[in-house]
Amino acid sequence: MPASPFNGFTDFGVGIGLRVPHYQHILSEKPVVNWFEIISENYMIDGGRPPACSRSDPGTYQVVQHGVSMYFGSAEPLVWTA
């Protein structure tokens, strides 16, 4: 994520999407990457994130959450559901 006015001119380095097919490689090889992007809704379900990721060192990588199910492009008020 390059420096820009939207992120306070901070260069966050290179990040990639963390997806299920990549978990084993990431956990075993520890690739050089600054951060991972996760789809936050995938971690908000019964059972949470995959067990292998739960056992990994949380300080190894920065994580950026990307929510995909909330839509702000409406004139209607936000409705929260459980």
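Cut-offs applied
Residues numbered from 1 in each chain as written. Predicted model: local features only at pLDDT ≥ 70, side-chain atom pairs only at ≥ 80, totals over all residues. Heavy atoms only, no water. Phe/Tyr/Trp six-rings, centres within 6.5 Å; stacked < 30°, edge-to-face > 60°. Helix = DSSP H or I, 4+ residues; strand = E, 2+ residues; numbered from the N terminus. Buried < 20%, exposed > 50% of the residue type's maximum accessible area, 1.4 Å probe, protein only. Pairing = 2+ DSSP bridges. Axes fitted to C-alpha atoms, helices over the stretch in contact; angles between N-to-C directions.

Enquirer: I keep staring at the packing of aromatic side chains and nothing clicks. Help me out?
Expert: Here the distance between the centres and the angle between the planes together describe a pair of aromatic rings. Per the stated rule, a full pass over the model turns up 1 aromatic pair. Aromatic side chains Phe36 and Tyr61 sit 4.8 Å apart centroid to centroid with 80 degrees between the ring planes, which places their arrangement in the edge-to-face category. Here Phe36, found in strand 2 (residues 35-39), pairs with Tyr61, found in the loop between helix 2 (51-54) and strand 3 (62-66); they are 25 residues apart in sequence, far enough to count as distant. Tyr61 shares its class with Phe36; the two are buried.

Enquirer: Could you clarify how one ought to interpret the sheet that holds strand 1 (residues 15-17) in this entry?
Expert: The strands making up a sheet are joined through hydrogen bonds of the backbone, oriented either antiparallel or parallel. Across the sheet, 3 strands lie side by side as 1-2-3; this open sheet has parallel pairing. Edge positions in the sheet fall to strand 1 and strand 3, since each has one partner strand and no second. For this sheet the average axis-to-axis angle between neighbouring strands, irrespective of direction, equals 30 degrees. Where strand 1 lies against strand 2, 3 bridges are found, and the strand directions are parallel. Bridge pairing in strand 2 links Ile16 to Phe36.

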